Structure formats: structure tokens, C-alpha cells
Amino acid sequence: MKAITETHFSLPGMKGVYVGKVRDVYDLGDRLAMVVTDRISAFDVILPEGIPYKGQILNQIAARFLDATSDILPNWKIATPDPSVTVGYKCEPFKVEMVIRGYLAGHAWREYKSGKRELCGVALPDGMVENQKLPHPIITPTTKAEAGHDLDISREDIIAQGIVGAEDYAALEEYTYKLFERGTEIAAKRGLILVDTKYEFGKKDGRIFLMDEIHTPDSSRYFYSQGYEERLARGESQKQLSKEFVREWLMAGGFQGREGETVPEMTAEVVAGITDRYIELYDHITGEAFVRDDRDAAEMERRTVEYLNSLG
């Protein structure tokens, strides 16, 4: 299957479309139709080649976790008329992403390694090593940038700058801890460790809703439980399932999204390898074998239109 990297849907009641790094979001008034394409981004740059089945994988994992956490708080999902499409409620988004970390990995480790002992106003203990479990999960929010890089920000600055009110922010923190706990429990049953993840929230009719994706390999980092302690003791890299392997491949090729840098060649072999890693995570986190839905963008559109028309 060729990667589906762009869509041009004409949907009933459509008022506009927003094209993000990975998602095409169609405005249907009080609802949205979000198409998760096969585009892939890293370091806030859209890479030149799409990854077949990536959109289907992300959307299906997100749909499962939205359903599995709906008792914690309401979420935006109404239906998935196509494996890569979610139709849901339009919410007014909070302009922060709630990042929560259970382990010292990725961006947090890179900051720690550079000598920083505070991240988003949260103090980190001395003497830690890469991928070590933190004493307790920490929330390290980022601003939600319209363009360019999201930036780390503290709880105090979010409230002081009026980005989110104190009462709402306290609720976002509580939901973030509860969602992470649920995700950790589900991952553990599958032999995985949920290392870190991010959540996006919005408001609808005065209530806080969970939005966007949840616990996918694009928004989360997973380690394999088996061998974790042994690899940590030996100072070895963890066997992981997340988009971090794409970032590592780019960094090895001299690319971190900085001006003047060029993305390494994405050969057919590289692209196929990334698809395989996404499928591997799907199989592990769901406990089911991934079923490839070989259709084109026109069929995705037809299914979505048929569903919307069925609503009357």
C-alpha cells in the first residue's frame, strides 16, 4: 500500500479544514472529522516520505484508549467511520500539552545530561542515569505552539500568564495522573512499560474533555518490561516501542531539525522498517494482530461521507 500523505475531502456540513503535521482536521460546525494521515514528523519537521499504515495504527490505538479511559473523563470521540478517521466533538482546546514522565528518558534525559536539575519547575534528583524510573511521575507541560517548537513551561508560569486558570489546571493535573496510571496498568498487562506520554484537553459546554490521540507511539514512549532492569544495570539502551527510534535514526544522520540540516535519505527499506515498528507496537499494546486496511483516500472519504449522512 502507498502511504496516504494528503486528503482533500468534501464532507457534508464542512466549514473548513486545518492541515497539521500529521492530521487533516475537517471542521463540521459543532463536530470535527480528524484524518490521521501517514505523514510522519520529528523535531517538528514533516519528513519527506510517508509511512504506510501509520495513520490507521495511530487512530485505532487512540480509539481503543479513548474508550478504555472514558470512565475517567469524557472525550471527544463519537465514531471511527474509517480506521484512519475519527469523528468527534469540537472542543475549545487548552493551549498547553500535559506531558507526564515516569522515567528519565528522551527530552528529559537530554536536558538532565546537559546539567539541568529542574524541568518545568520540577526538581530532579542528582545521580540518576538514562531510562531510570523517577521517584514518582512528574508533569512537565509544554506550550502548544501554532508553528515551530513547543516550549517547556512550568505550572506556575501557565497560571501566572493566564494560559490556563488555576482551578482548571488543577483538574488537568488530576486527569493526567489518572490517565497515566490507567495507561501504565494496561501496558503492564502487555509486557510493556509506559515511559512517558502527553495529553491534550479542551472544554465543551463548560466541561473538560480529553482530545486528540492517547497512548499512541507518536504521543508516548514504551519500553519492554522483560530485560529492563538488566539493560539499565549494564547501562545499555532499552528495547523500546515509540517514535524515538525515528529521532535516533535522524540524529545519527546529522539531523535534529536545525537550520541548514538535511533529512537523511528515507529509502524504501527505511520506510518499511518504520512501518514494521509501528505494527509491532500495535500488536503488543492491543494484544491483537494488526489487520491492514488497503484502501485509498477516496475510499476513506466515501466511508466518512456515508457515516455523516447517516446522522441525518
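Preceding this section is the structure that the text describes.
Described in the following lines is the structure provided in the data block.

Cut-offs used in this document
- Residues numbered from 1 in each chain as written.
- Predicted model: local features only at pLDDT ≥ 70, side-chain atom pairs only at ≥ 80, totals over all residues.
- Heavy atoms only, no water.
- Helix = DSSP H or I, 4+ residues; strand = E, 2+ residues; numbered from the N terminus.
- Rg over C-alpha atoms; globule rule 2.2 N^0.38 Å.
- Buried < 20%, exposed > 50% of the residue type's maximum accessible area, 1.4 Å probe, protein only.
- Areas by Shrake-Rupley, 256 points an atom, 1.4 Å probe, with all protein chains shown as cover.
- Lys, Arg positive; Asp, Glu negative; His and termini not counted.
- Charge placed at Lys NZ, Arg CZ, Asp CG, Glu CD.
- Axes fitted to C-alpha atoms, helices over the stretch in contact; angles between N-to-C directions.
- Parallel < 35°, antiparallel > 145°, perpendicular 65-115°, else oblique.
- Left-handed = near helix turned anticlockwise from the far one by under 90°.
- Contact = heavy atoms within 4.5 Å.
- Nonpolar A, V, L, I, M, F, W, Y, C, P; charged D, E, K, R; others polar.
- Salt bridge = Lys/Arg side-chain N within 4 Å of Asp/Glu carboxyl O.
- Phe/Tyr/Trp six-rings, centres within 6.5 Å; stacked < 30°, edge-to-face > 60°.
- Core = buried A, V, L, I, M, F, W, Y, C linked by side-chain atoms within 4.5 Å.
- Polar contact = N/O pair within 3.5 Å; in protein donor to acceptor, adjacent residues only side chain to side chain.
- 1 Å grid on protein atoms, 1.4 Å probe; cavity = no way out; pocket = protein on both sides within 12 Å on 5 of 7 lines; lining within 4 Å.
- Points joined across faces, edges and corners; volume = space filled by probe spheres on them.

Looking now at the overall build of the chain. A count of helices and strands for the chain gives eight helices and 17 strands. For 312 residues, the compact-globule formula gives about 20 Å, and the C-alpha radius of gyration of the chain, at 19 Å, lands near that figure. Summarising its shape, the C-alpha atoms of the chain cover approximately 60 × 50 × 45 Å along the three principal directions. Per-residue burial over the chain gives 50% buried out of 312 residues. Accessible surface for the chain amounts to roughly 14,700 Å². Of this, 48% is attributable to carbon and sulfur atoms. Within the chain, the 52 negative side-chain charges are centred at a point lying 2 Å from the centre of the 39 positive side-chain charges.

A separate point is the packing of helix 1 (residues 54–68) against helix 7 (residues 268–286). Two elements in contact, helix 1 and helix 7, have axes separated by 10 Å at closest approach and are oriented at 20°. By the angle between their axes, helix 1 is roughly parallel relative to helix 7. Of the two elements, helix 1 crosses helix 7, and the hand of that crossing is left-handed. For the pair helix 1 and helix 7, the contacting residues are Lys 54, Ile 57, Leu 58, Gln 60, Ile 61, Arg 64 and Phe 65 in the first and Tyr 278, Ile 279, Leu 281, Tyr 282, Ile 285 and Thr 286 in the second. The class makeup of the residues in the contact of helix 1 with helix 7 is nine nonpolar, two polar and two charged.

Taken as a whole and judged by the stated rule, the model has 27 salt bridges. With its nearest N and O atoms 2.9 Å apart, the salt bridge here joins Asp 196 to Arg 221. Here Asp 196 is found in strand 14 (residues 192–204), whereas its partner Arg 221 is found in strand 16 (residues 220–224), with 25 residues between them in sequence. Put simply, Asp 82, Asp 293, Arg 295, Glu 299, Arg 302, Arg 303 and Glu 306 are held in one network by salt bridges that share partners.

Our next topic: the packing of aromatic side chains. In this structure the tally under the stated criterion is 10 aromatic pairs. Residues Phe 9 and Tyr 26 carry aromatic rings whose centres are separated by 5.3 Å and whose planes lie at 10° to one another, so their mutual orientation is stacked. Pair noted here: Phe 9 is in the segment before strand 1 (16–19) and Tyr 26 is in strand 2 (residues 23–27), with a separation of 17 residues, a long-range link. We classify Tyr 26 as buried; its relative accessible area is 2%. Taken together, a centroid distance of 6.0 Å and an interplanar angle of 25° make the contact between Trp 109 and Tyr 112 stacked. Of this pair, Trp 109 and Tyr 112 both sit in helix 2 (residues 106–113), three residues apart, which is roughly one turn of that helix. On the basis of relative accessible area, Tyr 112 is assigned to the buried category, the value being 3%. Grouped by ring-pair contacts, the aromatic residues Tyr 53, Tyr 282 and Phe 290 constitute a single cluster.

Let us now look at the nonpolar core. Counting residues in hydrophobic clusters, the biggest one holds 58 residues, and the most contacted among them are Phe 201 and Tyr 222. Per element, the largest residue contribution to this core is seven residues, and it comes from helix 7. Apart from the residues within four sequence positions on either side, Phe 201 is in contact with Leu 73, Pro 93, Phe 94, Met 98, Leu 172, Tyr 175, Thr 176, Leu 179, Ile 208, Phe 209, Leu 210 and Met 211. Counting residues in each nonpolar core, the second largest holds 13 residues, with Ile 4, Tyr 26, Leu 28 and Ala 79 among its members.

Relative to the helices and strands, Asp 152 is located in the loop between strand 13 (142–143) and helix 3 (155–160). Overall, Asp 152 belongs to the partly exposed group, its relative accessible area being 35%. When the C-alpha atoms of Asp 152 and Leu 119 are compared, they prove to be 7.8 Å apart, with 33 residues separating the residues in sequence. Separated by 2.8 Å, the side chains of Asp 152 and His 107 make a polar contact.

As a further point, take the layout of surface pockets. Rolled over the atoms, a probe with the dimensions of a water molecule shows which regions are left empty. Of the voids in this model, the second largest pocket is the one considered here, and its volume is about 320 Å³. Lining the second largest pocket are 18 residues, and of these Glu 130, Ser 237, Gln 240, Glu 244 and Glu 248 lie nearest its centre. Contributions of two or more residues to the lining of the second largest pocket are made by helix 2, strand 16 and helix 6 (244–252). Of the residues in the lining of the second largest pocket, the class split is five nonpolar, five polar and eight charged.

Looking now at empty space enclosed by the protein. The tally for this structure, following the rule as stated, stands at two cavities of 30 Å³ or more. Size it by volume and the largest cavity reaches roughly 50 Å³. As for the largest cavity, its lining consists of Met 1, Ile 4, Val 36, Thr 37, Asp 38, Tyr 53, Gly 55, Gln 56, Ser 84, Arg 295 and Met 300. By residue class, the composition of the lining of the largest cavity is five nonpolar, four polar and two charged.

Attention now goes to unusual backbone geometry. Keep in mind that most residues, glycine aside, have a negative phi and that most peptide bonds are trans. Of note in this structure, Phe 43 is not a glycine but carries a positive phi near 55°. If you trace the backbone, Phe 43 turns up in the loop between strand 4 (41–42) and strand 5 (45–46). Not every positive phi belongs to a glycine, and Tyr 53 is a case in point at roughly 75°. Mapped onto the elements of the fold, Tyr 53 is located in the loop between strand 5 and helix 1.

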